[in-house]
Amino acid sequence: MGELVFWTIIRTAFLILILWFSKDVWGEKYFWLIVSLSFYLFVISPAISFYRKFVEKNKEVLESSLCSSCKHFDESAVLCMKYDKHPTKDFIPCEGSAWEPK
């Protein structure tokens with residue numbers, strides 16, 4: 001999830017710079033329309049797409065792994081907070097020894 005936030009911030013920063021330097025090209029009439037469309041196309045839409053891929057990739061871990069029922073598991077980041085590692089369908093960070101119910 002951190003990768004999603006990082007790339008969204010990077011895209012936003014580059015887009016603001018590009019729009020800042022090109023604000024005189026379009027004029028006042030179309031500037032806000034272009035700003036709105038460019039933010040949707042280059043920031044919001046890729047973030048939504050990446051989030052959907054993230055959820056789909058981690059769906060099995062969130063629904064049917066031992067980690068998903070542990071109190072040390074952070075669902076928003078798919079992260080074992082105790083060992084600071086990301087579990088996958090084939091990898092459990094504590095191998096079940098530190099599992100504690102929620």
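Above: the structure in question.
Being a predicted model, the structure only gives us computed values, none of them experimental.

Details of the overall build of the protein chain
Regarding its fold elements, the protein chain presents 4 helices and 2 strands. Reading the secondary structure of the protein chain in the N-to-C direction produces α-α-α-α-β-β. Principal-axis analysis of the C-alpha atoms gives the protein chain an extent of 65 × 20 × 20 Å. Restricting to contacts in the protein chain with at least 6 residues of sequence separation, those with at least 24 account for 48%. Carbon together with sulfur atoms contributes 64% to the accessible area of the protein chain, which is approximately 7700 Å² in total.

Section: unusual backbone geometry
Trans is the prevailing form of peptide bonds, just as negative phi is the prevailing case for residues other than glycine. Despite not being glycine, Val78 shows a phi value in the positive range, around 50 degrees. Assignment of secondary structure puts Val78 in the loop between β1 (73-74) and β2 (79-80). The backbone phi angle of Glu95 is positive, close to 55 degrees, even though this residue is not glycine. The topology assignment puts Glu95 in the segment after β2. What makes Glu95 exposed here is its relative accessible area of 72%.

What counts, and where the lines are drawn
- Each chain has its residues counted from 1, following the order in which its sequence is written.
- Totals for whole chains, interfaces and linings use all residues, but because this is a predicted model, local features are given only for residues with pLDDT of at least 70 and pairs of side-chain atoms are given and counted only at 80 or more.
- With hydrogens and water set aside, each side-chain value is computed from the structure's full complement of heavy atoms.
- Each helix corresponds to a stretch of at least 4 residues labelled H or I by DSSP, and each strand to a stretch of at least 2 residues labelled E; elements are numbered beginning at the N terminus.
- Working rule for contacts: check all heavy atoms of both residues, and any pair within 4.5 Å makes them a contact.
- Note on areas: Shrake-Rupley with a 1.4 Å probe; residue coverage comes only from the protein chains shown.
- Each residue is assigned to one of three classes by its accessible area relative to the maximum for its type, calculated with a 1.4 Å probe on protein chains only: buried under 20%, partly exposed between the two thresholds, exposed over 50%.

These values are about where atoms sit, not about what they do.
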